[in-house]
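Below are the chains, spelled out letter by letter.
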Amino acid sequence: MTEKPFPINFENRVKNDSFLGEELLKSLNEISPISIRFNPSKKKQIDTSNNPTPDCYRDQQSSNPILWCENGTYLNERPNFTLDPLYHSGVYYSQEAGSMMLAKVLNQLDLDNNPKILDLCAAPGGKSSLIASFLNEKGLLVSNEVIHARSKILKENLIKWGNSNTVVINNDPKDFQRIPHFFDAIVVDAPCSGEGMFRKDIDARNEWSEENVNLCAARQKRIVMDVWDSLKPGGYLIYSTCTFNEQENEDNIFWFSNELDAEIVDLDFSPFKTDRIKAGAYAMPNLVETEGFYIAVLQKSSDSKMLKLPKVKQQSLTRIKDLKSISQFSKTAGFEFFSWNNIVFALPELFVNEIKLFQQEMRIVKFCTEIGTLMRDEILPDHALAMNSNLINFNQKIELTKEEALKYLKGETFPLEGKKGYNLITYQNIPLGWIKHIGSRFNNLFPKEWRIRMKID
Ligand code: SAM
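The notes below deal with the structure included here. Since the structure is predicted, the reported quantities are computational estimates derived from the model, not experimental observations.

Brief notes about the packing of aromatic side chains
So, point 1. For the structure shown, the criterion picks out 26 aromatic pairs.
So, point 2. Summarising the aromatic geometry, the rings of Tyr87 and Tyr92 are spaced 5.6 Å apart at their centres and angled 50° between planes, so their arrangement reads as tilted.
So, point 3. The exposure class assigned to Tyr87 is partly exposed, which follows from its relative accessible area of 30%.
So, point 4. By relative accessible area, which is 1% here, Tyr92 ends up buried.
So, point 5. Ring geometry for Phe394 and Trp434: centres 5.2 Å apart, planes at 80°, overall edge-to-face. Of this pair, Phe394 sits in the loop between helix 14 (383–387) and strand 19 (397–399) while Trp434 sits in strand 21 (residues 430–437); the two residues are 40 residues apart in sequence, bridging distant segments of the chain.
So, point 6. A connected cluster of aromatic rings, assembled from ring pairs, spans Phe38, Tyr57, Phe81, Tyr87 and Tyr92.
So, point 7. Here Lys43 stacks its cationic end above the ring of Phe38, 4.4 Å away from the centre of that ring.
So, point 8. Above the plane of the ring of Trp255 lies Lys221, whose end atom (NZ or CZ) is 5.3 Å from the centre.

Below you can see the structure in the form of structure tokens.
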């Protein structure tokens, strides 16, 4: 790999730090490890009779698990994910192994059975999809991204991941002051100076400066202070970055524990701990196969002063009582169905009021699961329903070969045997989307904006 010089102040700092040292610099000039994390609720449904497991995984015969995340695995080399239909159906997510430390942290926390978790800085959705799998349809995940264009990518990735209890919103951290004492846990995967990106994205080295480290540390403080009131007494704030400097990591954690009514939680991460780390844990590229990640947890004192949530007012949502047309496509037990501008949504019945509160106070981008559009008495099924393995209940399916699946994902139509009307298109038994069969050919209902655009030979 090309060795581009490190910023001189970065290099000096690392060399003078016995925890980081020359070994870190050497590892930053090596090739990045490639890893994926499976979606447990989809992986178990894959038909392994012809083509076991996703292409990229099978082709590389990988059996190199990530020790701190049971759904994670390393790959020997980077495949072309675009050409694997299972990537588009949310069977796995391409994610840096260090980020998967979040799985180990979540498993360690004492959370209630149906926790409400906020992922505050969530796009493109790596941590959110991990949290959704951790929740396994229990509780509620509110996934937020402040930059509007990025919130759309977050929405796409979470639709493909296919859980029923996920709301995507597009708000500034300070907007959460309107929802005090609401969340059992808040994940702040903070925007940072990105020293952990120095090998994957070699240009990140040009963008680094001490001034930027200072700016990032100050912004991280602001973000956590802004969202803090939204955490319940006794709740957890999980803070992470992909950078190595103390200012953005431990120094911030100590600053928060002094400024806020909070204790630092001791993490059960012995392989990643050294004397230098006074709070949290690091995945260091010179010690484990990762690009670099820092994670720490603060617990809010249980006797923090009480704050009141706003009342839910009368809204434009209409509850659907007659579920006949919906039940042709979707399971109904455990959900309430609402229409909003003729779009039908399934909301988990346990959290209807909470989700209404979000509709009232925040900017909604994804409202749990969109079932379809109401056209008189009929429903035009939505792609989000096809992706949701927990809600979908539709037996008219057509299994495609890989070649056909890629054509389908490109938005093409081709001769295909099948019954007239809506059909669920599957590849290796996992839904890819809808078609409407009209006899000799079909209308391809795969979302236009998510089509594969590259040329396939
Ligand atoms: N958690 C994401 C994942 O796992 O895919 C990665 C998040 S990335 C490290 C940080 C995110 O914070 C970016 O999506 C960025 O747009 C967002 N961000 C930037 N400035 C912010 C701010 N002032 N407040 C909140 N979020 C911000």
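Some thoughts on the side chain of Ser35
So, point 1. Mapped onto the secondary structure, Ser35 falls in strand 1 (residues 34–38).
So, point 2. Only 2.5 Å separates the side chain of Ser35 from the backbone oxygen of Gln95, close enough to count as a polar contact.
So, point 3. Only 3.1 Å separates the side chain of Ser35 from the backbone nitrogen of Ala97, close enough to count as a polar contact.
So, point 4. Ignoring anything within four residues of it in the chain, the contact list for Ser35 reads Ile66, Thr73, Tyr74, Leu75, Tyr93, Ser94, Gln95, Glu96, Ala97 and Met100.

Considerations on helix 10 (residues 210–227)
Spacing of three or four residues puts side chains on the same side of an α-helix, whose turn is 3.6 residues.
So, point 1. Across its 18 residues, helix 10 extends 26 Å between first and last C-alpha, which sits within 8% of the 26 Å expected from 1.5 Å per residue.
So, point 2. Of all the positions in helix 10, only Val213, Cys216, Ala217, Gln220, Ile223, Val224 and Val227 are classed as buried. Buried positions in helix 10, seen along its axis, are confined to an arc of 125° and lie on one side of it. In this structure, helix 10 carries Glu211, Leu215 and Arg222 as exposed residues pointing more than 90 degrees from its buried face.
So, point 3. Looking at the buried positions of helix 10, the neighbouring elements they touch are strand 5 (116–119), strand 8 (183–189), strand 9 (231–241) and helix 11 (250–259).

Details of the pattern of salt bridges
So, point 1. Overall, the coordinates contain twelve salt bridges when judged by the stated rule.
So, point 2. A salt bridge links Arg13 to Glu195, with the nearest nitrogen and oxygen atoms 3.0 Å apart. With Arg13 in helix 1 (residues 8–15) and Glu195 in the loop between strand 8 and helix 9 (204–207), this residue pair connects regions lying 182 residues apart in the sequence.
So, point 3. Overall, Arg13 belongs to the partly exposed group, its relative accessible area being 27%.
So, point 4. By relative accessible area, Glu195 is classed as buried at 0%.
So, point 5. With its nearest N and O atoms 2.4 Å apart, the salt bridge here joins Asp55 to Lys402. Residue Asp55 is found in helix 4 (residues 55–59), and its partner Lys402 is found in helix 15 (residues 402–409); the two are separated by 347 residues along the sequence.
So, point 6. Among the residues examined, Asp55 registers a relative accessible area of 5% and is labelled buried.
So, point 7. Lys402 sits in the partly exposed class, given a relative accessible area of 33%.

Description of the site of the ligand
So, point 1. Close contacts around the ligand come from 17 residues, with Cys121, Gly126, Glu145, Arg150 and Asp189 the closest.
So, point 2. In this structure, Cys121 approaches the ligand through a main-chain N or O atom, which is 2.9 Å from a nitrogen atom.
So, point 3. Residue Arg150 places a side-chain N or O atom 2.8 Å away from an oxygen atom belonging to the ligand.
So, point 4. Compared with its free state, where it exposes 600 Å², the ligand has 81% of that area covered by protein.
So, point 5. Broken down by secondary-structure element, the contributors of at least two residues to the shell around the ligand are helix 7 (126–135) and helix 10.
So, point 6. Among the residues making up the shell around the ligand, the classes are represented as ten nonpolar, two polar and five charged.

Considerations on the sheet that holds strand 1
So, point 1. Taken together, the four strands give an open sheet; going across it, the order is 2-3-1-4, and neighbouring strands pair in antiparallel fashion. Unpaired on one side and paired on the other, strand 2 (64–65) and strand 4 (92–94) mark the two borders of the sheet.
So, point 2. Relative to strand 3 (residues 72–75), strand 2 runs antiparallel, the two being bridged by two bridges. Note on strand 3: the bridge partner recorded for Asn64 is Tyr74.
So, point 3. Sitting on the sheet, helix 7 is in contact with strand 1 and strand 4, with an inclination near 35° to strand 1.

Parameters and conventions
- Residues numbered from 1 in each chain as written.
- Predicted model: local features only at pLDDT ≥ 70, side-chain atom pairs only at ≥ 80, totals over all residues.
- Heavy atoms only, no water.
- Phe/Tyr/Trp six-rings, centres within 6.5 Å; stacked < 30°, edge-to-face > 60°.
- Buried < 20%, exposed > 50% of the residue type's maximum accessible area, 1.4 Å probe, protein only.
- Helix = DSSP H or I, 4+ residues; strand = E, 2+ residues; numbered from the N terminus.
- Lys NZ or Arg CZ within 6 Å of the ring centre and 35° of its normal.
- Polar contact = N/O pair within 3.5 Å; in protein donor to acceptor, adjacent residues only side chain to side chain.
- Contact = heavy atoms within 4.5 Å.
- Expected span 1.5 Å × (residues − 1).
- Arc of directions from axis to C-beta.
- Salt bridge = Lys/Arg side-chain N within 4 Å of Asp/Glu carboxyl O.
- Near = heavy atom within 4 Å.
- Areas by Shrake-Rupley, 256 points an atom, 1.4 Å probe, with all protein chains shown as cover.
- Nonpolar A, V, L, I, M, F, W, Y, C, P; charged D, E, K, R; others polar.
- Pairing = 2+ DSSP bridges.
- Axes fitted to C-alpha atoms, helices over the stretch in contact; angles between N-to-C directions.

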